[in-house]
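Descriptive structure summary
Next come the chains, spelled out residue by residue.
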Amino acid sequence: MSQLSNHSAAYPTTINSIIASHLSKRPDEIAFVEGSRTFTYQQAVDRVDVIAKALLSTGIQKGDRVGVLAPPGIAFFEIYLAATSIGAVWFGLNPKYTEKEYSRVIDDADPTVLFVQSPFDDRNYAEEMKRLAPQHCHVVPMESSDSGAEVPSEFSNGGEAVSDAQLNEVRDALAPDDPAAIVYTSGSTGQPKGAVLSHRAVCWSACANAEWIGDALKCTLSYAPINHVGGLNVITLMTFVYGGKIVFHERIDLPVVMALAFEHKASIATLMATVLDMLSKVPNASPKVLDIYQLVMLGGGATPETILNRFQETTARLVTIYGQTETCGLVTHTPEGASVEITAGRIGEPIAGVSVRVGDEAGNPLPPGEVGEIQVFGPVCMSEYFNNPEATKEAFTPDGYFRSGDLGAVQDDGLIAFAGRSKEMFKSGGYNVFPLEIEQVLIQHEDIFAAVVIAKPDPRFQEVGHAYLDVAGGKKVDIDQLNAFLREQLANYKVPKSFEIVDEFPMLPNGKIDRAALKRRAASE
């Protein structure tokens, strides 16, 4: 059984066509804010043109890769728009990467130009990149300031010899299926893979999502890592397509982010379910803390109904969203007016032009109630994994659906319930155990901020659950009481056989918990 959303309206098919549209519609409206710097759409487009010409002056050709190592900021997005507008392929690097992680991505992407914000957080990234980048790569340092980094004038001035006619000629040669960006997966299970996203894919994703989100895109805060599809497409490009204001901040710092949200009247936010739970457990926190926003999108898996109930008084609309790097981000959302039960238990309906189904390994749709893989078809899906034809072939079903690796089941209402990652599922005594289900129950406990359940070998049951817990305020959790709490809501084989309190979870550069590190830790104990 599948869900398909039909759409016949024409969306822009290249990023440059989006850029050009703003000059006639909103030249004097605010586009970007970072620190004390503010740019209108006219100023932003002018700056993009200058960088695009400078890139052309270096000899950049269609298909060449342009990398950016920087925190979220105006500079990264200007370079993204400029590079893609002339047919170059953009990719991002996270300042939290280790040198080994940089080496893997740079060796694969083989950039022609690499912009580097340096120093940042007392680390000299420019020197690192000069060691790691290929000899033909032009490394462009960008100095940090209180208002972010800027492309240096000695680089941007290099494009003065490139005429408007030459720039337009290159841009006119762009095709919708030309690659726009390579977004590398986290690589938590091995070598990172670069998802190639075409102009058509990123434009369709941004436009189709802007269509249902609407005026909530008037102002957004961009503080997610630039190498993550959330920071690139879900947060920034959707708002840019709408014509809203993007306020950049260099890192995830909740007190500063909330202050900026109030100062700029942010209208939309994207939160993980665990963050929403943490907000609800802050002492003296008001359930109306989210009222500043028109829309709060909840990602990272399903949000338990008990957590959503704590925010019933908020005026913000809460929606569950679902998507992946390989689908340019969001492909589903819970419908307007959805009940708490639907918002908690479903990933929602597809965006325009996208089909979502639950299928088996062969790609056959499964009947309602049967758990299988969530599979996605439509113009938002990646073109390929860069330099990896074998992985590309494995990523799609014979009829062209992208294999998400996520598990779900179609419910009686026709919507899909999320069941977790297929690689996280384990068998205990012959029963399938889905860690997400257990984690959702654990974080309903008043003293638990976050929880991760992984499998450990067991001589009797083959595998059993081991739960890592982040406990609120350093409180001590009574394990007997916790077991009783779990057994009230879960079958015995699902209840973890051991628990461990952690001071903090190991994190991936994209802001997600590093489950692979926890599995290695459990295996060594």
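Up top is the structure these notes are about.
Keep in mind that this is a model prediction, so the values were computed, not measured. (Residues numbered from 1 in each chain as written. Predicted model: local features only at pLDDT ≥ 70, side-chain atom pairs only at ≥ 80, totals over all residues. Heavy atoms only, no water.)

1. As for the nonpolar core
Threshold: Throughout this description, the term nonpolar core refers to a set of buried Ala, Val, Leu, Ile, Met, Phe, Trp, Tyr and Cys residues connected via side-chain atoms within 4.5 Å. The cut-offs for exposure are 20% and 50% of the maximum accessible area for each residue type, with area from a 1.4 Å probe on protein chains only; residues under the lower value are buried, those over the upper are exposed, and the others partly exposed. Here a helix means four or more residues in a row that DSSP labels H or I, a strand means two or more in a row labelled E, and each is numbered from the N terminus. Should any heavy atoms of two residues lie within 4.5 Å, those residues are considered in contact.
F32, L55, F77, Y80, F115, F240 and M297 are the most contacted members of the largest nonpolar core, which totals 98 residues. Residue contributions to this core peak at ten residues, all from helix α8 (residues 199-213). Setting aside anything within four residues of it in sequence, one finds M297 in contact with W212, I213, V234, M238, I268, A269, T270, L271, V319, I321 and L330. In this structure, C219, V296, L442 and L490 belong to the second largest nonpolar core, which totals 40 residues.

2. Some thoughts on unusual backbone geometry
Following S118, the chain continues to P119 via a peptide bond in cis, the omega torsion being -5 degrees. With respect to the helices and strands, the residue P119 is situated in the loop between β6 (113-117) and α5 (125-132). The phi dihedral of D122 is positive, around 60 degrees, even though this residue is not glycine. For D122, the position within the fold is in the loop between β6 and α5. With a relative accessible area of 82%, D122 lands in the exposed category.

3. Describing the side chain of Q440
Structurally, Q440 can be placed in helix α15 (residues 435-442). For Q440, a relative accessible area of 18% gives the class buried. For Q440, the residues in contact, after removing those within four places along its chain, are A302, T303 and P304.

4. A look at the packing of helix α2 (residues 41-57) against helix α7 (residues 164-172)
Each packed pair of helices is defined by two parameters, the angle between the axes and the distance between the axes. Put simply, the rule is: Axis definition: a line fitted to C-alpha atoms, over the contacting stretch in the case of helices. Angles run 0 to 180 degrees between N-to-C directions. Angle categories are assigned with fixed cut-offs, so that under 35 degrees is roughly parallel, over 145 is roughly antiparallel, 65 to 115 is roughly perpendicular, and the rest are oblique. Under this grouping Gly is polar, as are all residues other than the nonpolar Ala, Val, Leu, Ile, Met, Phe, Trp, Tyr, Cys and Pro and the charged Asp, Glu, Lys and Arg.
Relative orientation of the contacting elements α2 and α7 amounts to 85 degrees, with a least axis distance of 11 Å. What the angle tells us is that α2 and α7 run roughly perpendicular. Of the residues in α7, those touching α2 at V48, D49, A52, K53 and L56 are D164, L167, V170 and R171. Tallied by class, residues from the contact of α2 with α7 come to five nonpolar, no polar and four charged.

5. Regarding the packing of helix α3 (residues 74-85) against helix α9 (residues 229-242)
Two elements in contact, α3 and α9, have axes separated by 12 Å at closest approach and are oriented at 80 degrees. With respect to each other, α3 and α9 are oriented roughly perpendicular. Side by side, α3 and α9 meet where F76, F77, Y80 and L81 of the first sit next to G231, L232, T236, L237 and F240 of the second. In the contact of α3 with α9, the residues fall into seven nonpolar, two polar and no charged.

6. Quick word on the pairing of strand β2 (residues 30-34)
Put simply, the rule reads: Two strands pair if DSSP finds at least two bridges between them.
Counting buried positions over the five residues of β2 gives four, a clear majority of the element. Sheet topology places β2 next to strand β3 (residues 37-40); four bridges connect them, and they run antiparallel. What sits directly across from F32, in β3, is F39. Adjacent in sequence and paired antiparallel, β2 and β3 are bridged by two residues, among which G35 carries a positive phi angle near 60 degrees. The pairing of β2 with strand β11 (residues 245-248) spans two bridges and is parallel. What sits directly across from F32, in β11, is I246.

7. Looking at the sheet that holds strand β16 (residues 349-350)
Strand order in the open sheet made by the five strands is β12-β13-β14-β15-β16, with mixed pairing throughout. Both outer strands of the open sheet, β12 (268-272) and β16, are each paired with one neighbouring strand and no more. The sheet contacts of α9 involve β13 (295-299), β14 (317-324) and β15 (329-333), and relative to β15 the element is tilted by about 65 degrees.

8. Examining the side chain of N209
Within the element layout of this structure, N209 appears in helix α8. For N209, a relative accessible area of 1% corresponds to the buried category. Among residues more than four places away in sequence, those in contact with N209 are M238, L330 and I351.

9. Some details on the sheet that holds strand β10 (residues 219-222)
Within the open sheet, the four strands sit side by side as β3-β2-β11-β10. Their pairing is mixed. This sheet does not close on itself; its edge strands, each paired only once, are β3 and β10. Between one strand axis and the next, the sheet turns by 15 degrees as a mean value, whatever way the strands run. By the bridge criterion, four bridges tie β10 to β11 in an arrangement that is parallel. Across the sheet, residue S222 finds its bridge partner in β11, namely F248. Where α2 meets the sheet, its contacts fall on β2 and β3, and the angle it forms with β3 comes to roughly 90 degrees. Where α9 meets the sheet, its contacts fall on β2, β10 and β11, and the angle it forms with β10 comes to roughly 150 degrees.

10. So, the pattern of salt bridges
Operational definition: A pairing counts as a salt bridge when a side-chain nitrogen of Lys or Arg comes within 4 Å of a carboxyl oxygen of Asp or Glu.
The full count for this structure, using the stated rule, is 21 salt bridges. Here D413 and R346 are joined by a salt bridge, their closest N and O atoms 3.0 Å apart. Linking D413 in the loop between β20 (402-410) and β21 (416-421) with R346 in the loop between α13 (340-345) and β16, this pair joins segments that are 67 residues apart in sequence. Looking at D413, the relative accessible area reads 39%, which means it is partly exposed. Given the relative accessible area of 14%, R346 is considered buried. A salt bridge links D399 to R357; the shortest N-O distance between them is 2.9 Å. Taken together, the residues span a long stretch of sequence, with D399 in the loop between α14 (389-394) and β20 and R357 in strand β17 (residues 355-359) at a distance of 42 residues. On the basis of relative accessible area, R357 is assigned to the buried category, the value being 3%.

11. Digging into helix α17 (residues 515-524)
Here is the rule we go by: Between N or O atoms, a polar contact is any pair within 3.5 Å; within protein, one atom must be a potential hydrogen donor and the other a potential acceptor, and residues adjacent in sequence are included only when both atoms are from side chains.
If you check which residues of α17 are buried, you get R515, A516, A517, L518 and A522. For α17, the elements touching its buried residues are α15, β24 (448-458) and β25 (462-471). The opening residue of α17, the one whose side-chain oxygen lies 3.2 Å from the backbone nitrogen of A516, is D514.

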